[in-house]
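Residues per chain, in single letters:
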Amino acid sequence: MSEIPFNRPGIIGNEYEYIKQTITHMHISGDGVYSKKVHAMLEEMLGVKKVLLTTSCTHALEMSAILLDIQPGDEVIIPSFTFVSSVNAFVLRGARPVFIDIRPDTLNMDESQLENIIKPKTKVIVPVHYAGIGCEMDVIMGIAEKFNIPVVEDNAHGLFGKFKGKYLGTFGNFATQSFHETKNFTSGEGGALLINDPEYIERAEIIREKGTNRSRFFRGQIDKYTWVDIGSSYLPSDILAAFLYAQLENRELIQSKRKRVWNFYASRLKDWAEDNDFRIPFVPSHCEQPYHMFYLLSPSLEIRQSLIEYLMSNRVHAVFHYLPLHISDMGKGFGGKKGDCPVTEDISDRLVRLPFYNDISEEDQSRVIELIHSFSV
Ligand SMILES: Cc1ncc(COP(=O)(O)O)c(C=O)c1O
């Protein structure tokens, strides 16, 4: 019986050929031919003012915090149900996280609680589009505009997902993407900062280039470059951009493969879930999802754990996801306590993600599904 991993990265097109070309071009550091191609492609497709590839989504989030001049004592509103980088990027600048609970249906920020927790110290709101299913961006942007608070969309999961017909990542002042190995489009490690507010473009280029105006120098706009701001080294090698470009060129093929995988799980597990007090993901009719992941919500922590163990004993890797940040060691240090975000605490105990990658075969998926059907709750 072969093993079915949770994730398996795959080659889709010209990855090797384009990597070879970066070496032929004799430019394998950042912002070479392929980085520029990726920037232009994403800017055009998404209709974003500026895209800058970064070494990770974590680093794109860190750039956002620097760009917004987050200072010690500022507050960031963020769901507790997210990856640690969404919050750490702001905490690194001295911010205090204010954790907001999630909606039980989409597992996204509960926008109905947002207005109540805004204070004069609130300097940024960070919606996370969980599984690439859009947060309620019209309500969130309305509140952000009313209080004049910038928004950074953590869109690590959601490239090409849409909310009410508009691409995720095009609502906030900035958005951040991940090209980590587990994402739909990958360069192994990688990310991007999407800038919707042109006022920030020049400073973003500087922060990404170690606090220097080297980008302007390379464009011939100045005759030497120098240290002008704080910054770090956030640009990836063109080798990674070449790999990513080959993936993005095949976005329709990748998305159609993932759509098949998602629909296969959904159609075969829907009735079983209903009969066994489980639930499959909910996608509101006004959201177009990018088919990033498929999860089940079990009736309890105990049942979730025994399902994971049962699958594992049959060589199938299914995994849980985020632990609530407000009751992590760091979260408690910021005053978080059990009961602050009850939906997050509950969902985190009950969620299990099933193996999901472009090339998972129908045969392997059927094995996962049959095992689930034979699992006695
Ligand atoms: C919501 C969210 N934000 C940020 C990240 C960090 O992404 P990266 O590994 O590209 O830094 C992740 C990682 O999966 C994530 O799930």
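Residues numbered from 1 in each chain as written. Predicted model: local features only at pLDDT ≥ 70, side-chain atom pairs only at ≥ 80, totals over all residues. Heavy atoms only, no water.

**Q** Please explain the sheet that holds strand E2 (residues 75-79) as it appears in this structure.
**A** Read from one edge to the other, the open sheet built from three strands follows the order E3-E2-E4, with strand pairing classed as parallel. On the outer flanks of this sheet lie strand E3 (96-100) and strand E4 (122-125), each paired with one strand and no other. Between one strand and the next, the sheet's axes are offset by a mean angle of 30°, whatever the strand orientation. Two elements, E2 and E3, share five bridges in a ladder whose sense is parallel. Bridging across to E3, Ile77 finds its partner in Val98. (Pairing = 2+ DSSP bridges. Helix = DSSP H or I, 4+ residues; strand = E, 2+ residues; numbered from the N terminus. Axes fitted to C-alpha atoms, helices over the stretch in contact; angles between N-to-C directions.)

**Q** Honestly, the site of the ligand in this entry has me stumped. Any pointers?
**A** Taken together, the neighbourhood of the ligand is formed by 14 residues, with Thr58, Asp154, Ser178, Lys183 and Tyr322 sitting nearest. Thr58 places a side-chain nitrogen or oxygen 2.5 Å from an oxygen atom of the ligand. Take Asp154: an N or O atom from its side chain is 2.7 Å from a nitrogen atom of the ligand. When isolated, the ligand has an accessible area of 390 Å², and the protein chains bury 91% of it. More than half of the atoms of the ligand fall within 2 Å of the grid points belonging to the largest pocket. Each residue belonging to the shell around the ligand can be placed in one class, and the counts come to five nonpolar, seven polar and two charged. (Near = heavy atom within 4 Å. Polar contact = N/O pair within 3.5 Å; in protein donor to acceptor, adjacent residues only side chain to side chain. Areas by Shrake-Rupley, 256 points an atom, 1.4 Å probe, with all protein chains shown as cover. 1 Å grid on protein atoms, 1.4 Å probe; cavity = no way out; pocket = protein on both sides within 12 Å on 5 of 7 lines; lining within 4 Å. Sits in = over half its atoms within 2 Å of the grid points. Nonpolar A, V, L, I, M, F, W, Y, C, P; charged D, E, K, R; others polar.)

**Q** Honestly, unusual backbone geometry in this entry has me stumped. Any pointers?
**A** Phi is mostly negative for residues that are not glycine, and the peptide bonds are mostly trans. A positive phi angle is found at Asp31, which is not glycine, with a value near 55°. Structurally, Asp31 can be placed in the loop between helix H1 (15-24) and helix H2 (33-46). Since its relative accessible area comes to 18%, Asp31 is described here as buried. We note that Asp69 has phi near 55°; this positive angle belongs to a residue other than glycine. When you line up the elements, Asp69 lands in the loop between helix H3 (57-67) and E2. (Buried < 20%, exposed > 50% of the residue type's maximum accessible area, 1.4 Å probe, protein only.)

**Q** Just checking my understanding: could you explain helix H11 (residues 301-313) for this structure?
**A** The terminal C-alpha atoms of H11 lie 18 Å apart, and with 13 residues this matches the ideal 18 Å at 1.5 Å per residue to within 8%. Summarising the contacts, the buried residues of H11 are in contact with strand E11 (295-297), helix H13 (342-350), strand E12 (351-353) and helix H14 (362-374). Backbone geometry just downstream of H11 places Arg315 in the positive-phi region, at approximately 65°. (Expected span 1.5 Å × (residues − 1). Contact = heavy atoms within 4.5 Å.)

**Q** How do you make sense of the pairing of strand E9 (residues 191-195) when you look at a structure like this?
**A** Both faces of the sheet carry side chains from a regular strand, because those side chains alternate between them. Among the five residues in E9, five count as buried, and that is most of the element. Alternating positions in E9 separate into two faces, Gly191, Leu193 and Ile195 on one and Ala192 and Leu194 on the other, with burial throughout. In this structure, strand E1 (residues 50-54) lies alongside E9, joined through five bridges in antiparallel fashion. From the neighbouring strand, Lys50 faces E9, where its bridge partner is Ile195. In terms of strand pairing, strand E8 (residues 174-178) meets E9 through five bridges, oriented antiparallel. Looking at E9, one finds that Gln177 is bridged to Ala192.

**Q** What's the story with the packing of aromatic side chains in this structure? I'm lost.
**A** Tallied over the entire structure, the rule returns 18 aromatic pairs. Between Tyr18 and Tyr245, the aromatic rings sit 5.9 Å apart at their centres with planes inclined by 45°, giving tilted as the arrangement. A residue pair is termed long-range when its members are at least 10 positions apart, and Tyr18 in helix H1 and Tyr245 in helix H9 (residues 238-249) qualify at 227 residues. No difference in accessibility class separates Tyr18 from Tyr245, as the two residues are buried. (Phe/Tyr/Trp six-rings, centres within 6.5 Å; stacked < 30°, edge-to-face > 60°.)

**Q** Looking at this structure, I do not really get the sheet that holds E1. What am I missing?
**A** Adjacent strands of a sheet form backbone hydrogen bonds with each other and so pair up, either parallel or antiparallel. Spatially, four strands are ordered E1-E9-E8-E5 in an open sheet, and the strand pairing comes out mixed. With one partner strand each, in any of the chains shown, E1 and strand E5 (152-154) form the two edges of the open sheet. Neighbour-to-neighbour, the strand axes of this sheet turn through a mean angle of 20°, independent of strand direction.

**Q** I keep staring at the pattern of salt bridges and nothing clicks. Help me out?
**A** Opposite charge on two side chains allows them to pair when their charged atoms are near. For the structure shown, the criterion picks out 24 salt bridges. In this structure, the salt-bridge partner of Lys20 is Glu17, at a minimum N-O distance of 3.8 Å. Taken together, the positions of Lys20 and Glu17, both in helix H1 and three residues apart, correspond to about one turn of that helix. Using a relative accessible area of 34% as the deciding quantity, one classes Glu17 as partly exposed. For Lys119, the salt bridge goes to Glu75, with nearest N and O atoms at 3.2 Å. (Salt bridge = Lys/Arg side-chain N within 4 Å of Asp/Glu carboxyl O.)

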